[in-house]
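Close look at the chain arrangement
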Amino acid sequence: MIYESSYESGGSPFLPDLKRGYWSKASDFLYAGLSIGFRLDVFALTWVARVETGVSGFLPAYLISLASYVVPLLVVKSFLGQFSSSGFISALRLCPLFKGIGYVSLFLNVCVLVYYSVFAMIPLFYLLTSFKPTLPWSCEGIRKWTQEDVLLCPSVDDDPCEGGCYKSVASSLYFYNLFGKYSFLGLNIHMSWHLVLTLLLLWIIIAVIFYKLTSTEKIGQFVRYSVQIILSVLLIFIVRYSFLPGTVEHYKRIIQPNWDDFFSEMGKLPAYGLAAFGPGWGLFITLSSFNKFRTNITRSSWIIGIGQMFVIFGLDMLEKFINLHLKSSTEDRYFRQQTQFGTFFLTSGSSLAALGWPNFWSILFYSMLVLAAVVLMVIQLQSILTSIFDEFVFLREQKLRFTLYVIAPMAILSLYFSSLSGYESSVNLMLETFISQSLVNLLLILLVTWIYGRERFQRDIFFMTNQRFDTLDVYVLRFFAPLCMLVVLVVVSFIILFNYAFSGHSTNFFDVFIKLLPWFSIPGFIIYTLYRSQGTLKERFLKCCRPNDWYPIEAEERVRYEETVNSSNMSHPLTDLKWDDEVFDDENIVENA
């Protein structure tokens, strides 16, 4: 046995779950990664992450971000999951000193999943409302609940709109009218019972999906077919809106080369990497753990990155087409309410109502948004549950019951976001999540490329895929990617301070939890790990940095890996421990593999 056991560090040994399953097709991993491109919460940050320029600005900047740090970091995360065949907690046995990252990420992912339900709740409510014979935000239905002048509808007194006359967006105004004022324990709460019932229905749908799809193979099939449907509907809407007035000028705008666009997008280069890894942390580690051991993670990472680029660009085109439709129909004279989710969730309803067959287009559009959000919630919850089952062996025999026990409290916590204050706090929560993600990614780069070591990392990837991970990419990960993460930390911190200073938003439980947990829990776990170990402080530190039970879980691959490591002359970067006297080179790896 050439690896160090967890017994030697005072902990329990890792027991792999041989029944966790694999993707039924290799493409299921690609579809799961592609579904992350439908992160509709990113489109709430119109001034940070949304594509606001043409192809000449967006495409080069996105490709640079892919090559410089997004794809290398995707490879690192995919390596951790695929090599260890475990979720984002157990995979960090690569460096037990930092295993606290996995436990912190577990709680962060739960918080993210709770607030991300907002992005499924709103389109689900609009979808259900779209089945009414008359849409409430259409010109025929709007007069039943308001007398305000609204977009695309004639005024009550038929007076022409002249000068500085502006109108409200009916579908957005309809959403804000849902909230009523209630008193609870002396507090005044603006709550919508419509949204409460919609949230409960959403979590019932999630529970039914996990009740019916009890295996990794079935989850993969669900994600695969769902992504295909979403892409098809997105293409249908892009084609449909392309025939409306004003779209020809937009096509010219996005194709025409423009240096200003390029430099503008380069300034937002670090932000593009945030959307690639999912709303939580460690998602790609768990998703890649369902791959077969020999899957080429470098190629898969490039396919996922480029696929997400086209998804984001397609969503942005559709968003701009909807805005162009509203502007051209009203000479741009309408109120842009301070909506957190912009065109896709609120203002799109009025545009859809102005088309022929409004109910049909509304049902199709909001079905696309609901499916996109549900798919992302499913793979996020699957990542959370899989990581728990990989780490805690005693829960594996009661997976279904435990899954329902997890869903129930998350559904209750999510009810907070059916209130107006919860809805308005969601954007700040997303920004604070970006800070936590950047911090955890910085630590991940540190433990893989510095503590575990460049040569050992390259050796394991070559053994697993028979593909080299260039040293240049490792240095990019070591130096350039952390710089981008630091830029994100600084920029997002200023944005959050600005939002709190001028929006009047009050701090809630989720704000405190997401902000403080990584900064205190990870160092606390490091101190606890060192305390539990034995020896001098230096000996404890060195022992806790060495990987425990780090090997492929398949018996055949495990034997071959032991032979490969035995043939190498590699010491851990933080120790003088050597495996053997033979020289490590590519030929030895090929012979032993």
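Residues numbered from 1 in each chain as written. Predicted model: local features only at pLDDT ≥ 70, side-chain atom pairs only at ≥ 80, totals over all residues. Heavy atoms only, no water.

By the naming in an unreviewed UniProt entry, the protein goes by Sodium-dependent proline transporter and is assigned to Musca domestica. What UniProt records for the protein under Sequence similarities (unreviewed entry) is the sentence "Belongs to the sodium:neurotransmitter symporter (SNF) (TC 2.A.22) family." (UniProt positions renumbered as here; feature names shortened; annotations may be inferred.)

Taken as a whole, the protein shows an average pLDDT of 81; of its residues, 79% reach a score of 70 or greater. Below a pLDDT of 50 lies the segment residues 46-51, which in the model reaches 20 contacts outside its immediate sequence neighbourhood of four places, other chains included. Within the model, the stretch residues 576-593 combines pLDDT values under 50 with 46 contacts to residues more than four positions away or in other chains. (pLDDT = per-residue confidence, 0-100. Contact = heavy atoms within 4.5 Å.)

Below, the discussion takes up unusual backbone geometry. If you check the backbone angles, Ser85 has positive phi at about 50 degrees while not being a glycine. Within the element layout of this structure, Ser85 appears in the loop between helix H2 (55-84) and helix H3 (100-116). With relative accessibility at 7%, the residue Ser85 sits in the buried group. Backbone geometry at Trp357 places phi at a positive 55 degrees, although glycine is not the residue there. Along the chain, the position of Trp357 falls in the loop between helix H14 (342-353) and helix H15 (358-391). (Helix = DSSP H or I, 4+ residues; strand = E, 2+ residues; numbered from the N terminus. Buried < 20%, exposed > 50% of the residue type's maximum accessible area, 1.4 Å probe, protein only.)

All right, on to a nonpolar patch on the surface then. Nonpolar side chains collect at one region of the surface, where Leu128, Leu201, Ile204, Ile205 and Val208 lie side by side and expose about 380 Å² of accessible area between them. Broken down by element, the residue count for the nonpolar patch peaks at four residues, all from helix H7 (residues 193-212). Looking at the secondary structure, you find Ile204 in helix H7. (Patch = residues over 30% accessible without salt bridge, like charges linked within 9 Å, V, L, I, M, F, W, Y side chains within 5 Å. Areas by Shrake-Rupley, 256 points an atom, 1.4 Å probe, with all protein chains shown as cover. Salt bridge = Lys/Arg side-chain N within 4 Å of Asp/Glu carboxyl O.)

Between its terminal C-alpha atoms H7 stretches 29 Å, which fits the 28 Å expected from 20 residues at 1.5 Å a residue. Among the residues of H7, Leu195, Val196, Thr198, Leu199, Leu202, Trp203, Ile206, Ala207, Ile209 and Phe210 are the ones counted as buried. (Expected span 1.5 Å × (residues − 1).)

Mapped onto the elements, Ser35 comes out in helix H1 (residues 27-35). The class for Ser35 is buried, based on a relative accessible area of 2%. A distance of 2.6 Å separates a polar atom in the side chain of Ser35 from the backbone oxygen of Ala32. Not counting chain neighbours up to four residues away, the residues in contact with Ser35 comprise Val227, Val375, Leu376 and Ile379. (Polar contact = N/O pair within 3.5 Å; in protein donor to acceptor, adjacent residues only side chain to side chain.)

So, about the packing of H3 against helix H17 (residues 420-451). Packing of H3 against H17 brings their axes to within 11 Å, and their N-to-C directions diverge by 155 degrees. Looking at the two axes, H3 sits roughly antiparallel to H17. You can see that H3 and H17 cross each other, and the crossing is left-handed. Contacts between H3 and H17 pair Ile101, Ser105, Leu108, Val112 and Tyr115 from the former with Ser426, Leu429, Met430, Thr433, Ser436, Val440, Leu443 and Leu447 from the latter. Residue composition of the contact of H3 with H17, by class: nine nonpolar, four polar and no charged. (Axes fitted to C-alpha atoms, helices over the stretch in contact; angles between N-to-C directions. Parallel < 35°, antiparallel > 145°, perpendicular 65-115°, else oblique. Left-handed = near helix turned anticlockwise from the far one by under 90°. Nonpolar A, V, L, I, M, F, W, Y, C, P; charged D, E, K, R; others polar.)

A few words now on the packing of aromatic side chains. Within the structure shown, the criterion is met by 36 aromatic pairs. Between Phe83 and Trp550, the ring centres sit 5.1 Å apart and the planes meet at 20 degrees, which makes this aromatic pair stacked. Here the residue Phe83 occupies a position in helix H2, and Trp550 occupies one in the loop between helix H21 (537-545) and helix H22 (555-566), the gap between them amounting to 467 residues. Residue classification places Phe83 among the buried residues on the basis of a relative accessible area of 0%. On the numbers, 5.9 Å between centres and 85 degrees between planes, the contact of Phe125 with Tyr126 is edge-to-face. Note on Tyr126: relative accessible area 0%, which makes it buried. Chaining the aromatic ring pairs together yields one cluster made of Phe125, Tyr126, Trp137, Tyr174, Phe237, Trp357, Phe360, Trp361, Phe365 and Tyr366. Its guanidinium or amino end placed over the ring of Tyr225, Arg224 lies 5.2 Å from that ring's centre, counting from NZ or CZ. (Phe/Tyr/Trp six-rings, centres within 6.5 Å; stacked < 30°, edge-to-face > 60°. Lys NZ or Arg CZ within 6 Å of the ring centre and 35° of its normal.)

The next thing to look at is the pattern of salt bridges. All chains considered together, the criterion is met by nine salt bridges. We note a salt bridge from Asp17 to Lys399, for which the minimum N-O separation is 3.2 Å. Residue Asp17 is found in the segment before H1, and its partner Lys399 is found in helix H16 (residues 399-414); the two are separated by 382 residues along the sequence. For Asp17, a relative accessible area of 9% gives the class buried. Lys399 sits in the partly exposed class, given a relative accessible area of 28%. A salt bridge links Glu455 to Arg454, with the nearest nitrogen and oxygen atoms 3.7 Å apart. Note on Glu455: relative accessible area 42%, which makes it partly exposed.

For the rest of this paragraph, the subject is the nonpolar core. Leu318 and Phe365 are the most contacted members of the largest nonpolar core, which has 176 residues in total. By residue number, the principal contributor to this core is H15, which donates 19 residues. Contact partners of Phe365, with chain neighbours within four places excluded, come to Phe237, Leu318, Ile322, Phe344, Ser348 and Leu352. (Core = buried A, V, L, I, M, F, W, Y, C linked by side-chain atoms within 4.5 Å.)

Moving on: the state of the cysteines. Going through the model one piece at a time under the given rule, you end up with zero disulfides. Looking at Cys95, it has no disulfide partner, and the nearest cysteine sulfur is the one in Cys545, 4.6 Å off. Here Cys545 falls in the buried class, since its relative accessible area comes to 1%. (Disulfide = S-S within 2.5 Å.)

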